[in-house]
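Given next are the chains, with one letter for each unit.
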Amino acid sequence: MSSVKFGYMGIPFSNTEEMSHIFCKQMGIEDAEFVPLMCAADTVSELLKGNVDYGVLATRNKFAGEVAESANALRGHDEIEIVETGWIPIHHCVFLKNEGAEVKKIVSHIQAILQSDNSLRELYPDAEREECEDTAYAAEMLANGTLPDYCAAVCRKDAGEHYGLYLAHENIEDNKENMTQFSLIRLK
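Quick notes on the rules
- Residues numbered from 1 in each chain as written.
- Predicted model: local features only at pLDDT ≥ 70, side-chain atom pairs only at ≥ 80, totals over all residues.
- Heavy atoms only, no water.
- Helix = DSSP H or I, 4+ residues; strand = E, 2+ residues; numbered from the N terminus.
- Buried < 20%, exposed > 50% of the residue type's maximum accessible area, 1.4 Å probe, protein only.

(A) Region of interest: unusual backbone geometry. The residue Phe-13 is not glycine, and still its phi comes out positive at about 80 degrees. Position of Phe-13 relative to the elements: it lies in the loop between β1 (4-8) and α1 (15-26). Here Asn-171, not a glycine, exhibits a phi torsion of approximately 55 degrees, which is positive. Position of Asn-171 relative to the elements: it lies in the loop between β10 (166-169) and β11 (179-187). Residue classification places Asn-171 among the partly exposed residues on the basis of a relative accessible area of 33%.

(B) Broad picture of the environment of Glu-84. Position of Glu-84 relative to the elements: it lies in strand β5 (residues 80-89). Under the relative-accessibility criterion, Glu-84 is labelled partly exposed at 39%.

(C) Spatial organisation of the side chain of Ser-108. Note that Ser-108 resides in strand β7 (residues 105-108). A relative accessible area of 0% places Ser-108 in the buried class.

Spelled out as structure tokens, the structure:
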């Protein structure tokens, strides 16, 4: 018997990966494979092709609202159903390539930027904002040199630590009760 494949938007150390593991555990599935698919459109596409059994998408944040990326990916796909939804607390951190680096640009997923906007403006009032596909991907790009050293990545603490970055600020979400809803999807 082959393992059950959970495709999720993001890469390892993303919030969606965490929720994939939570859904898997809630379903009592012991033999699972977790497939990083970077974005909601790729997650839906791989589900439609039959390459994954389930998809996991971030769908709504308690304060920043609907995750447009996921809503757009699901639009017009009546053959997909939501099996389960769940909420988890979301905490964001600012990571730098090196301690003391000057921050000219902040890079992260749009949802993380929106959820931390006031804190980021206070911490880095002159820094430009740049969206990328995933919070953990921002950390990976900063660590591997794809992003210049003057960038900061906003991501989960474990993502920044995994990539060996310097933790500049922890729990910068504007509301300490920040939570995101995720949906587990499959073909009907």
